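Descriptive analysis of the structure
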Amino acid sequence: MTRASIRLLTAGFLLSMIAGCKVGPNYTRPSVPVAPAWKEQAPWRVASPHDNIPKGDWWTIFHDDELNQYETQAIKANQTIEAARYQLEQARATARITQSGLFPQLSTGISMQRARTSANQATASGTPLTSATTQNSFIVPFNVTWEADVFGGLRRSVESSNAAYQSSAAALENVRLLVTSDLAADYFNLRELDAEIGVVDSAVQYQQKALDLVNNRHAGGVASGLDVAQQETQLNATRTQATLLRNQRAQFEHAIAALAGVPASTFSVPSRPLAIEAPAFPTGVPSDVLERRPDVAQAERLMAAQNAQIGVAKSAFFPSIGISGGAGLNSKNISTLANAPSVFWALGADVAEALLTGGRRKAQMDFATSAYGTSVANYRQSVLTAFQEVEDGLSGLNILSQAAGTQQQAVDAAQRALKIANDRYVGGLVTYLDVVTAEQTLLDNQRLAAQLLGQRLVTSVGLIKALGGGWDASSLQSVHVDTTLKQALQP
C-alpha cells in the first residue's frame with residue numbers, strides 16, 4: 001500500500017475520531033406546570049404505596065375472575081392491540097434502517113465480457129493498430145463506500161428514530177390501556193344493567209301480585225275497574241323497562257366480544273348480580289402522572305424525536321465527506337483470475353458542499369424547528385389533559401360516594417312509603433293511585449341506586465386509566481436499537 005493511501009486511511013480514521021461532534025440542540029425535556037397535590041382527594045384513606053395498582057394487570061384490583069378472563073383474552077386477541085404490536089416492529093425496523101447509514105456499505109458482483117476492438121479506432125499514441133483484436137475480460141469487483149458522520153447528521157437521525165421507536169412502545173402500552181379500560185367499563189356497565197334488570201324483574205313480580213290482589217278486590221266489589229287499569233298500566237310499563245334494559249345489556253355484551261377478539265354471535269356473558277365495591281388504591285401526586293401515563297410518555301418521546309430532527313436539518317449546512325474504495329480481480333483469462341497480478345484496488349475520498357439550494361436548507365430548518373414546537377405544545381396539552389382526567393375521576397368518586405349514601409336512604413324511605421300506601425289502600429283511606437305512585441317511586445330509586453354503584457365502578461376504571469394503569473415510563477429505557485458490529489456485518 002502506498003504512502004498516499006496510508007495517509008488517506010489515516011485521514012478517515014481521524015474523521016471518525018472527531019465524529020463525536022453533533023450539530024443541533026441536545027434534548028432536554030421542557031418543563032410543565034405541576035401542582036404539589038391533587039385538588040380532589042379520593043373518598044378513602046390511602047396509606048399504601050403506588051404499586052398497589054398491579055403493574056400490567058391493573059384490572060385484578062377488582063378481584064373479579066370473570067373480568068380477569070375477558071381482559072386476558074383481549075390482550076391476546078384484540079386486533080387493535082395486534083396492529084399496535086406490528087407498528088412497534090415497524091418502528092424498530094425503521095430505527096435499524098436509519099442506523100445502517102453509520103456503517104460502510106459493501107457491494108460486489110461478477111462481470112464477464114468478450115469484446116472485439118476496431119483496428120481503425122483512435123489510439124493514444126497516434127499509431128494505428130495493425131489489426132482488430134478480440135479478447136475476454138473477467139472482473140470480480142468489491143466496492144466500499146462510507147460517509148463520515150463528522151457533523152452528526154446521521155447520529156441525530158438515529159437518535160430521532162430511536163426516540164420514535166420508544167414512542168411506538170409507549171403507544172402500544174397506551175392502546176393496551178385503552179382497550180382494557182374500555183372492556184372493564186363495558187363489563188361494569190353490563191353488570192350494572194344486570195342489577196337494574198334484577199330490580200325491575202322483582203318489581204314485576206311484586207306488581208303482578210298487586211294486580212292479582214286488585215283483581216280479587218274488584219271481583220269482590222271492593223275495588224273499582226280504575227284500580228285494575230292503573231295497576232295493569234304500571235305492570236306493563238315496568239315490563240317494558242325490563243325489555244329495554246335487556247336490549248342495552250346485549251349491546252354491551254357485543255362490545256365486550258369485539259374488544260376480546262371474539263365474534264359477537266358466539267359470545268355471551270352470563271347474568272349475575274353486581275356484588276363488587278369500588279376498590280381503594282393510592283393516587284400519588286401529580287408529578288407521578290408524567291412518568292406513569294403511556295400517552296404522556298408517547299408525546300414526550302415524539303418531542304425528543306423532533307428535537308433530533310433539528311440537528312439533522314442543521315447538518316445539511318455542513319459539507320458531506322465520503323470515503324470510497326474498490327478492489328477486485330481482473331483478467332482476460334479465467335484461469336489466471338485468481339493470480340496475484342490480477343488484483344486491482346483504488347481508494348479515494350470526496351468532500352461536497354451545496355452552495356445554493358434556493359432556500360431549501362433554511363426551509364428544512366424552519367420546518368424542523370416548527371415541528372418541534374408543535375410536539376412541545378402537544379406534550380404540554382397531554383399533561384394538562386392527564387391532570388384533568390385524574391381530577392375528574394377523583395371528584396366523580398367523591399360525589400358518587402356521597403350520592404350512593406343518600407340514595408340508599410331514599411330507597412329505604414320509598415320501601416316504607418310503599419308499605420304505608422298499601423296499608424292505607426287496604427284500609428280504604430286512599431285511592432289505588434297512591435299505591436301506584438309509591439311503586440313507581442320505589443322502582444325509580446332502586447334503579448338509581450344500582451346505577452350509582454355501576455357509575456362508581458366505571459369511574460374507578462377511568463381513574464385507574466387516568467393514573468396510567470400501573471405502567472411506568474422507565475420500561476422504555478430498554479427500548480432502543482444498539483450500534484453493534486453484528487449489524488455492520490448483516491446484509
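Here's what I pulled together on the structure shown here. Since the model is a prediction, treat every value here as computed from it, not as a measurement.

Within the protein chain, the regular secondary structure consists of 10 helices and five strands. Dimensions of the protein chain, computed from the C-alpha atoms along their principal axes, are close to 140 × 55 × 40 Å. Each of the 491 residues in the protein chain was classed as buried or not, and the buried ones make up 41%. Of all intrachain contacts in the protein chain linking residues separated by at least 6 positions in sequence, the fraction that spans at least 24 positions is 85%. When the accessible surface of the protein chain is summed, it comes to about 26100 Å², and 57% of that surface belongs to carbon and sulfur atoms. Side-chain charges of the protein chain comprise 39 positive and 41 negative groups, with the mean position of each set lying 13 Å from the other.

Further remarks concern the environment of proline 270. One can find proline 270 in the loop between helix H5 (225–259) and helix H6 (286–292). Of the residues examined, proline 270 reaches a relative accessible area of 48% and is grouped as partly exposed. Separated by 233 residues in the primary sequence, proline 270 and alanine 37 have C-alpha atoms spaced 42 Å apart. In this structure, proline 270 is in contact with Glu66, Tyr70, Arg191, Asp194 and Arg249, ignoring residues within four places of it in sequence.

In the contact formed by helix H4 (residues 153–219) and helix H9 (residues 432–466), the axes pass within 9 Å of each other and the chain directions differ by 170°. With respect to their mutual orientation, H4 and H9 come out roughly antiparallel. The hand of the H4/H9 crossing is right-handed. A per-class count over the contact of H4 with H9 returns 18 nonpolar, six polar and five charged.

What follows covers the nonpolar core. Grouped together as the largest cluster of nonpolar side chains are 71 residues, with contacts concentrated most on Trp58, Phe62, Leu67, Leu183, Phe188, Tyr379 and Val390. Residue assignment for this core shows that the elements contributing at least two residues are helix H2 (65–77), helix H3 (79–99), H4, H5, H6, helix H7 (294–315), helix H8 (360–426) and H9. Considering each element in turn, this core owes the most residues, 13 residues, to H4. Tryptophan 58 has contacts with Ile53, Leu177, Thr180, Ser181, Ala184, Val461, Ile464 and Gly469, leaving out every residue within four places of it along the chain. Counting 26 residues, the second largest nonpolar core, distinct from the first, contains Ala203, Ala210, Val214 and Leu443.

In the structure shown here, the tally under the stated rule is 21 salt bridges. A salt bridge links lysine 22 to glutamate 159; the nearest nitrogen and oxygen atoms lie 3.6 Å apart. Residue lysine 22 is located in the loop between helix H1 (3–17) and H2, and its partner glutamate 159 is located in helix H4; the two are separated by 137 residues in the primary sequence. Ionic pairing is found between aspartate 366 and lysine 362, a salt bridge with its closest N-O pair at 3.0 Å. With aspartate 366 and lysine 362 both in helix H8, this residue pair falls four residues apart, about one helical turn. Under the relative-accessibility criterion, aspartate 366 is labelled partly exposed at 36%. Each of Asp64, Glu66, Arg191, Asp194, Arg249, Glu253 and Arg272 takes part in one network of salt bridges that share partners.

Quick notes on the rules
- Residues numbered from 1 in each chain as written.
- Predicted model: local features only at pLDDT ≥ 70, side-chain atom pairs only at ≥ 80, totals over all residues.
- Heavy atoms only, no water.
- Helix = DSSP H or I, 4+ residues; strand = E, 2+ residues; numbered from the N terminus.
- Buried < 20%, exposed > 50% of the residue type's maximum accessible area, 1.4 Å probe, protein only.
- Contact = heavy atoms within 4.5 Å.
- Areas by Shrake-Rupley, 256 points an atom, 1.4 Å probe, with all protein chains shown as cover.
- Lys, Arg positive; Asp, Glu negative; His and termini not counted.
- Charge placed at Lys NZ, Arg CZ, Asp CG, Glu CD.
- Axes fitted to C-alpha atoms, helices over the stretch in contact; angles between N-to-C directions.
- Parallel < 35°, antiparallel > 145°, perpendicular 65-115°, else oblique.
- Left-handed = near helix turned anticlockwise from the far one by under 90°.
- Nonpolar A, V, L, I, M, F, W, Y, C, P; charged D, E, K, R; others polar.
- Core = buried A, V, L, I, M, F, W, Y, C linked by side-chain atoms within 4.5 Å.
- Salt bridge = Lys/Arg side-chain N within 4 Å of Asp/Glu carboxyl O.

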